[in-house]
Amino acid sequence: MSQTDVKNAQPDGPPPSSKDDAAFFGQPRGLLTLSGLEVWERFSFLGMQAILVLYFADTVANGGLGMAAGTAASVSAAYGTLVYLVSVAGGWLADRILGSYRAVLWGGILIACGHYAMAVPTGAMTWVGLGLISAGTGLLKPNAATMVGKLYRTDDERRDAGFAVYYMAINIGAFAGPLVTGWLSDHQGWHWGFSAAAIGMTLGLAQYVLGRRHLAGRRHAAEFALAPDAMRRAVRRIAAGVVAVALVATVLALAGWLTMSRFVDLLTLISVLAPVAYFAVMFASPRVTSEERGRLKPYVVIFLASTVFNYILFQAYSTMMLLASTNAETTILGFDFPASWYASALGAFEVALAPVVAALWVRMGRRQPHASNKIAIGVVLGGLSFLLMVLPTSGDTSGGHLMSAWWIVGSYLLLGLGDIVLETSGMSATTKLAPTAFSSQTMSLWFLSLALANGIQAQTVKLYDHVSQPAYFGVNGAIAVAAGLAVMAAAPYLRRTMHPVH
């Protein structure tokens, strides 16, 4: 998309009309536009991620990068860490410079360019592409979710159901992406799979621009824009900082100090320090009122619960994918399929279950569980999905036994249900608890929990080859279940302090 096209795509005109408020199955019409964008963004992102670790581990002769399996899984997790760390900058840019609409638009453009770069069959373009995708996702993800929140009043009981529909749409892409990229990479080559991801993101951008008139918050300027002089200084400093980091990284890499292993460790360290620093800034900010600061305290609990659950969830694309490729059957009813297709099972369950969960919350109305209990249930389900894997991995130590595909499918069923219950409630609660001056950035803080989960995973996945599989899945699953039960125990405090979340 050219610069002229981007300028023409700028939101203008009046806000969405009142008739849009219930035009999409009782939800705002803008939800359709944002859900459509996320269908294609997840198609491209998770379609690529389903084959990424396999591409890293494949031999150079077969078009891969020739990494050891443990290194491939660790680097793949580190890439996920980087994606969500960058979301902090994306939230700030939306709040202070770009505005949510333009941040999402430019993020989508960068993601598409990144996937097109990865379609070029060279190792160098792979790293260029991953860098562009990381930057673009950091702009798009926190701000798209924030725009969903702007479609509703804080006390609108459709809000959780709307996020459930939004998350269902996301998982349509999560289901379809691995099917398409997995088949292409298996039959045509890795870079054909990356090409499909590029085309998907391009389609998402097109429908986002076409449906922009239905979106709330389509202002030209950022809601809390910097003064013109301050904005120019900020842009210059950002550009200089990006160039400086690139130069320093290049020098350190050429000197042999910045190895892949050290880069992974550095990202893990940043993923731990970043949320600590960010919470400290928000608690200390004079623009955050005492009432808003009080709502941030229970959010720390929600943040940690999200980290624990997503630590389990993201392993659907690392340890679970490794397990599926080496220890599980890839045939169902006589039909052979690529191991990467297991990732689509997760998306399929979420597509099927999201409308059920959304309808349940609407039917229950004010009788539905408090958001903190929904999140706790999600964490417990995530832990149970790992505990389930203890059974088929126990007993056989020869490595010759292949477990039935239904064990992994069952694990993904539990994980998918937990994901719907936790993520929709967590994102919805985040938009409600966000201080006004940090609206997009608070959503970025939610995504920092995903960065922390990936950062921890980038280290623990290294143990996968050194401990027994029952021990690995059992210990991780038990920790997650214990964390979920702890959140349930804190429910009275959370209900009291999380107003207006219910």
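Quick note: structure is the one above.
Residues numbered from 1 in each chain as written. Predicted model: local features only at pLDDT ≥ 70, side-chain atom pairs only at ≥ 80, totals over all residues. Heavy atoms only, no water.

## Here's the deal with the overall build of the chain
Alright, step 1. Scanning the chain for helices and strands turns up 18 helices and two strands.
Alright, step 2. Considering the chain as a whole, with its 502 residues, one finds that 55% of them fall into the buried category.
Alright, step 3. Long-range contacts, defined as pairs at least 24 residues apart, comprise 83% of the intrachain contacts of the chain with a sequence gap of at least 6.
Alright, step 4. Surface summary for the chain: the accessible area is close to 20000 Å², and the carbon and sulfur share equals 68%. (Helix = DSSP H or I, 4+ residues; strand = E, 2+ residues; numbered from the N terminus. Buried < 20%, exposed > 50% of the residue type's maximum accessible area, 1.4 Å probe, protein only. Contact = heavy atoms within 4.5 Å. Areas by Shrake-Rupley, 256 points an atom, 1.4 Å probe, with all protein chains shown as cover.)

## Quick notes on the nonpolar core
Alright, step 1. In terms of nonpolar packing, the biggest core is built from 89 residues, with Met48, Ile408 and Tyr412 touching the most fellow members.
Alright, step 2. Top element by residues in this core is helix 3 (residues 69-98). It accounts for ten residues.
Alright, step 3. Not counting chain neighbours up to four residues away, the residues in contact with Met48 comprise Phe43, Tyr79, His115, Met118, Leu130, Ile133, Thr181, Phe194 and Ala197.
Alright, step 4. Among the nonpolar cores identified, the runner-up in size contains 25 residues, and Leu31, Leu37, Tyr101 and Ile170 belong to it. (Core = buried A, V, L, I, M, F, W, Y, C linked by side-chain atoms within 4.5 Å.)

## Some details on the packing of aromatic side chains
What characterises a pair of aromatic rings is the spacing of the ring centres plus the angle enclosed by the ring planes.
Alright, step 1. Enumeration over the complete set of coordinates arrives at 16 aromatic pairs.
Alright, step 2. The interplanar angle of 20° and the centroid separation of 5.0 Å between the aromatic rings of Tyr101 and Tyr208 together place this pair among those described as stacked. Here Tyr208 lies in helix 7 (residues 190-210) and Tyr101 lies in helix 4 (residues 100-118), a separation of 107 residues in the sequence. With respect to burial, Tyr101 and Tyr208 carry one shared label: buried. (Phe/Tyr/Trp six-rings, centres within 6.5 Å; stacked < 30°, edge-to-face > 60°.)

## Some details on the pattern of salt bridges
Alright, step 1. Within this structure, the stated rule accounts for four salt bridges.
Alright, step 2. Where Glu41 meets Arg42, a salt bridge forms, and the shortest distance between an N and an O atom there is 2.7 Å. Here Glu41 matches Arg42 in class, with each residue buried.
Alright, step 3. With its nearest N and O atoms 3.3 Å apart, the salt bridge here joins Asp265 to Lys462. (Salt bridge = Lys/Arg side-chain N within 4 Å of Asp/Glu carboxyl O.)

## Re a nonpolar patch on the surface
Alright, step 1. Nonpolar side chains collect at one region of the surface, where Trp127, Met260, Phe263, Leu266, Leu269, Ile270, Val272 and Leu273 lie side by side and expose about 670 Å² of accessible area between them.
Alright, step 2. For the nonpolar patch, the element with the highest residue contribution is helix 9 (residues 260-284), accounting for seven residues.
Alright, step 3. Note that Leu269 resides in helix 9.
Alright, step 4. Judged by its relative accessible area of 48%, Leu269 is partly exposed. (Patch = residues over 30% accessible without salt bridge, like charges linked within 9 Å, V, L, I, M, F, W, Y side chains within 5 Å.)

## What about the environment of Glu292?
Alright, step 1. Assignment of secondary structure puts Glu292 in helix 10 (residues 290-313).
Alright, step 2. On the basis of relative accessible area, Glu292 is assigned to the buried category, the value being 8%.
Alright, step 3. In the structure, Glu292 is positioned ten residues away from Met282 in sequence and 9.9 Å away in space, judged by C-alpha atoms.

## Focus on the packing of helix 4 against helix 7
Alright, step 1. One way to put it is that helix 4 packs onto helix 7 with a least axis distance of 8 Å and a crossing angle of 160°. One element, helix 4, and the other, helix 7, form an angle in the roughly antiparallel class. For the crossing formed where helix 4 meets helix 7, the hand is left-handed. Between helix 4 and helix 7, the residues in contact are Ser100, Tyr101, Val104, Leu105, Gly108, Ile109, Ile111, Ala112, His115, Tyr116 and Met118 and His191, Phe194, Ala197, Ala198, Ile199, Met201, Thr202, Leu205, Tyr208 and Val209, respectively. (Axes fitted to C-alpha atoms, helices over the stretch in contact; angles between N-to-C directions. Parallel < 35°, antiparallel > 145°, perpendicular 65-115°, else oblique. Left-handed = near helix turned anticlockwise from the far one by under 90°.)

## Topic: the environment of Thr393
Alright, step 1. Here Thr393 shows up in helix 14 (residues 390-393).
Alright, step 2. What Thr393 contacts, discounting residues up to four positions off in sequence, is Leu323, Met403, Gln469 and Pro470.
Alright, step 3. A polar atom in the side chain of Thr393 sits 3.3 Å from the backbone oxygen of Val390. (Polar contact = N/O pair within 3.5 Å; in protein donor to acceptor, adjacent residues only side chain to side chain.)

## What about the side chain of Ser449?
Alright, step 1. Following the sequence through the fold, Ser449 ends up in helix 16 (residues 439-460).
Alright, step 2. The class for Ser449 is buried, based on a relative accessible area of 0%.
Alright, step 3. A polar contact is formed between the side chain of Ser449 and the side chain of Ser306, at a distance of 2.7 Å.
Alright, step 4. Leave out the neighbours within four places in its chain, and Ser449 touches Phe303, Ser306 and Thr307.

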